[in-house]
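Take a look at the letters that make up each chain.
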Amino acid sequence: LFDFILAMGFKNCVRKYYPEPQRTHKHVRSSYMWELDHMFCTSKLYDSLENITVLDSVIQNKLSDHNPIIANFRVWEIKEHYKIANTITHSFTTV
């Protein structure tokens, strides 16, 4: 499945900042670092990825067995009429 997603031109956002697998799921009977959650995007959006974080905190661990992935992208919005470029940062989270 991952080969198919990558072959379609999508990029693995987590790997841009974390070359090694990240723990995104905790099973109560396993200490294995399960990486079940992922975030993919287009090549163009991948270039604007400013940072990505996989949260793993005591508080978060009480809320879910999955660790959220938070990505910040820099997106340019061009206003043709005024010829002004405004920078907008969008955050996307998966849980």
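Attention in this report is confined to the structure presented alongside it. (Residues numbered from 1 in each chain as written. Predicted model: local features only at pLDDT ≥ 70, side-chain atom pairs only at ≥ 80, totals over all residues. Heavy atoms only, no water.)

1. Focus: the packing of aromatic side chains
Within the structure shown, the criterion is met by one aromatic pair. Sitting over the ring of Tyr 46, Lys 11 keeps its end group 6.0 Å from the ring centre. The cationic tip of Lys 16 hangs over the ring face of Tyr 46; the distance from NZ or CZ to the ring centre is 4.7 Å. (Phe/Tyr/Trp six-rings, centres within 6.5 Å; stacked < 30°, edge-to-face > 60°. Lys NZ or Arg CZ within 6 Å of the ring centre and 35° of its normal.)

2. Considerations on a nonpolar patch on the surface
Taken together, the side chains of Leu 1, Phe 4 and Met 8 define a hydrophobic patch exposed on the protein surface, amounting to about 400 Å² of accessible area. By secondary structure assignment, the location of Phe 4 is in helix 1 (residues 2-7). (Patch = residues over 30% accessible without salt bridge, like charges linked within 9 Å, V, L, I, M, F, W, Y side chains within 5 Å. Areas by Shrake-Rupley, 256 points an atom, 1.4 Å probe, with all protein chains shown as cover. Salt bridge = Lys/Arg side-chain N within 4 Å of Asp/Glu carboxyl O. Helix = DSSP H or I, 4+ residues; strand = E, 2+ residues; numbered from the N terminus.)

3. Overview of the pattern of salt bridges
For the structure shown, the criterion picks out two salt bridges. A salt bridge links Arg 15 to Glu 35, with the shortest nitrogen-to-oxygen separation between them at 2.5 Å. Taken together, the residues Arg 15 in helix 2 (residues 13-17) and Glu 35 in the loop between helix 2 and strand 2 (40-41) connect sequence positions 20 residues apart. Here Arg 15 falls in the partly exposed class, since its relative accessible area comes to 28%. The exposure class assigned to Glu 35 is buried, which follows from its relative accessible area of 17%. (Buried < 20%, exposed > 50% of the residue type's maximum accessible area, 1.4 Å probe, protein only.)

4. Quick notes on the side chain of Asn 12
Relative to the helices and strands, Asn 12 is located in strand 1 (residues 11-12). Among the residues examined, Asn 12 registers a relative accessible area of 17% and is labelled buried. Here Val 14 takes part through its backbone nitrogen, which lies 3.2 Å from a polar atom of the side chain of Asn 12. Those residues in contact with Asn 12 that lie beyond four places of it in its chain are Leu 6, Met 39, Phe 40 and Tyr 46. (Polar contact = N/O pair within 3.5 Å; in protein donor to acceptor, adjacent residues only side chain to side chain. Contact = heavy atoms within 4.5 Å.)

5. Here's the deal with the state of the cysteines
Under the criterion given, the structure shown has zero disulfides. Free of any disulfide, Cys 13 has its nearest neighbouring cysteine sulfur in Cys 41, separated by 3.3 Å. Residue class for Cys 13 comes out buried when judged on its relative accessible area of 0%. Given the relative accessible area of 5%, Cys 41 is considered buried. (Disulfide = S-S within 2.5 Å.)

6. Notes on the environment of Asp 47
With respect to the secondary-structure elements, Asp 47 resides in helix 3 (residues 43-47). Counting along the chain gives 27 residues from Asp 47 to Arg 74, while the straight-line C-alpha distance between them is 8.9 Å.

7. Here we look at the environment of Ser 43
Of note, Ser 43 is situated in helix 3. A relative accessible area of 34% places Ser 43 in the partly exposed class. Separated by 32 residues in the primary sequence, Ser 43 and Lys 11 place their C-alpha atoms 6.2 Å from one another. Beyond its immediate chain neighbours, meaning those up to four positions away, Ser 43 contacts Gly 9 and Lys 11. Polar side-chain contacts of Ser 43 include one of 3.4 Å to the backbone oxygen of Gly 9.

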